[in-house]
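Coordinate analysis (summary)
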Amino acid sequence: SDLFQTDLKAKSVAAVLFQEENLEITLKDGTKYIVKNHDSLSLKEELLLNDVKVSNSKSMNETISLVFDLLFYLFFFGIFFVAFRKFISPNTFKVVRKTGVVFSDVIGMTQLKKDMLQIIEIMHKPEFYVQQGIRMPKGVLLEGAPGNGKTLFARALAGEGKVNFIPAKATDFQSMFMAIGPMKVKLLFKKARKNAPCIVFIDEFDGIGTKRNYSGSAIETENTRIVTALLNELDGFTQNQGVLVLAATNSRKVLDEALIRAGRFDAKYVVPFPNFEMRKELVSKFLKSKKFDNDVSLEILAKLFDGFCSAQIESVINKAALIASQQKCESFSLQDIHSALKEV
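Description of the structure in this document. Predicted, not measured: the structure shown is a model, and the values here were computed from it.

The rules behind the values
- Residues numbered from 1 in each chain as written.
- Predicted model: local features only at pLDDT ≥ 70, side-chain atom pairs only at ≥ 80, totals over all residues.
- Heavy atoms only, no water.
- Helix = DSSP H or I, 4+ residues; strand = E, 2+ residues; numbered from the N terminus.
- Expected span 1.5 Å × (residues − 1).
- Buried < 20%, exposed > 50% of the residue type's maximum accessible area, 1.4 Å probe, protein only.
- Arc of directions from axis to C-beta.
- Contact = heavy atoms within 4.5 Å.
- 1 Å grid on protein atoms, 1.4 Å probe; cavity = no way out; pocket = protein on both sides within 12 Å on 5 of 7 lines; lining within 4 Å.
- Points joined across faces, edges and corners; volume = space filled by probe spheres on them.
- Salt bridge = Lys/Arg side-chain N within 4 Å of Asp/Glu carboxyl O.
- Pairing = 2+ DSSP bridges.
- Core = buried A, V, L, I, M, F, W, Y, C linked by side-chain atoms within 4.5 Å.
- Axes fitted to C-alpha atoms, helices over the stretch in contact; angles between N-to-C directions.
- Parallel < 35°, antiparallel > 145°, perpendicular 65-115°, else oblique.
- Left-handed = near helix turned anticlockwise from the far one by under 90°.

Some points on helix α11 (residues 310-326)
Between its first and last C-alpha, α11 extends 25 Å over 17 residues, near the 24 Å set by a 1.5 Å rise per residue. Along α11, the positions that sit buried rather than exposed are S310, I313, V316, I317, A320, I323 and A324. The arc that holds every buried residue of α11, seen down its axis, measures 160°, which confines them to one face. Packing partners of the buried residues in α11 comprise α9 (276-287) and α12 (334-342). Looking one or two places after α11, you find K328, whose phi comes out positive at around 65°.

Structure representation (C-alpha cells):
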C-alpha cells in the first residue's frame, strides 16, 4: 500500500483495476502488482484527478445476476413475441375453399336461399351488374335463436355459390392486448379481398358489434375500437370487390345502429324456429342413421318438438338412442323420446 502511494505521488501509475478484494496496479512502464482494496470512497476521485485510468472487475455474483437479467428479458420478450404472433398471425382466419355443404343440406329457408343466390350471382359478375346500376349488398344480417341453423346456412351458401368462405366468431377478435381486436378486423377483410369472391361469416356478432359505450373502461374502449374498425372496413368496400359479410346474431336490438344501417348491412333476415313441415324434414334427416320402433313416426315427433330448434331436435333424438342403448335395446321407442325430453 505504501508502494502504491509512492508511485501515485510520483505519477507513475497508469491504470488501476478495482477487484472485489484487491487493486491491480499497472505502472506506466508496464509493471503490475496487487495491493489490498480498502474501499476508500475518495480513492477513485484521487486517481481520476491524477489522470489514472480506473476500471472495475465484476464479481461472480454480479456476472450471475447480469446473466439472469438477460435471460429474464429474453424470456419476457419471447413470450410477448409468440403471443403477438399468435393473436395477429396471418393464419388467424382460415380460407375455406370448399365447405362441403350445399342448400339441399339445409331444411327450409326457401325465400332466404332464393335471395342469397341472387347476391352470389352478383358476386360472380360484378361488372355486369354495375353497368345496370345494381350494387351488391355489403352485409347480410341473420337473426335467430342459437341452434336454428345460421352457421349451416352460411356454409351452404358458400358451397352452393362456389365461393371462398372465411368463418370467424366474436371471440376471435377478443384479446388481452389493447388494439389487437381492430388489427384482426383489418387482417380479416384484407384476406377476404385477396380471396374474392368471398363470404366473411361472423358468428356471435353481438359479441363484438354491440352499441358503443364511452364509459372509459378498457373493455368498452376496445369494443368501441372494434366497431369503428368494422365501420371503416364496410365503408371501404367498393361495388366490385366481391366480398359479402354474413353476420349471425341472437338479438339485433343490442347491435350498434350505425353498424347495421342501410348501406352497410342492407339485408336483414330472421331465421325462425322450424314449422311443422320443417320439423318433419328435420326428424326424417336425423332418423336416417338410427334404428327406431314402429311407434316413432315423423308426425308424432314433429308435434312433440314444437318450439324446438334444429340442434335441440337432433340432441333429443340422439339422447333417446343413447337411453335405448343403455337398456341393451337395438332401437329406441317413443317412451325413450319422452325420457329424453325430460332431460332437455
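Focus on the layout of surface pockets
A volume near 150 Å³ is recorded for the second largest pocket. In terms of lining residues, the second largest pocket is bounded by 14 residues, among which P146, G147, K150, T151 and D203 are the most central. Sorting the residues of the lining of the second largest pocket by element identifies α6 (150-161) and β8 (243-249) as the ones contributing at least two each. Counting residues per element, the lining of the second largest pocket draws most heavily on α6, which supplies three residues.

Considering the pattern of salt bridges
Within this structure, the stated rule accounts for six salt bridges. As a salt-bridge pair, E121 and K125 come within 3.3 Å of each other at their nearest N and O atoms. The exposure class assigned to E121 is partly exposed, which follows from its relative accessible area of 30%. When its relative accessible area of 44% is taken as the criterion, K125 is described as partly exposed. Put simply, R279 and D306 hold a salt bridge, and the shortest N to O gap is 3.5 Å.

As for the pairing of strand β1 (residues 13-18)
Of the strand pairs in this sheet, β1 and strand β2 (residues 22-27) are connected by five bridges, and their pairing is antiparallel. Directly across from L17, in β2, lies its bridge partner E24. What sits between the antiparallel neighbours β1 and β2 is a turn of three residues. Relative to strand β4 (residues 53-56), β1 runs parallel, the two sharing four bridges. Note on β4: the bridge partner recorded for L17 is S55.

Observations regarding the nonpolar core
Counting residues in hydrophobic clusters, the biggest one holds 29 residues, and the most contacted among them are V140, F153, L157, I199 and L246. For this core, the elements supplying multiple residues, two or more each, are α4 (110-124), β5 (139-143), α6, β7 (198-203) and β8. By residue number, the principal contributor to this core is α4, which donates six residues. Setting aside anything within four residues of it in sequence, one finds V140 in contact with M116, I119, L244, V245, L246, A247, F265, A267 and Y269. Core analysis: the next-biggest nonpolar cluster, separate from the first, contains 28 residues, F173, L188, I202 and A229 among them.

So, unusual backbone geometry
Residue P197 is bonded to the preceding A196 through a cis peptide linkage, with omega at 0°. We note that M109 has phi near 55°; this positive angle belongs to a residue other than glycine. Topologically, M109 is positioned in the loop between α3 (60-87) and α4. On the basis of relative accessible area, M109 is assigned to the buried category, the value being 16%.

Digging into the packing of α4 against α6
The description of two packed helices rests on the angle between their axes and on the distance between the axes. Close contact between α4 and α6 brings their axes to 10 Å; oriented N to C, the two are set at 45°. Taken together, the axes of α4 and α6 lie oblique to each other. Between α4 and α6 lies a crossing whose hand is right-handed. Along its contact with α4, which presents L112, K113, M116, L117, I120 and H124, the element α6 presents F153, L157, E160 and G161.

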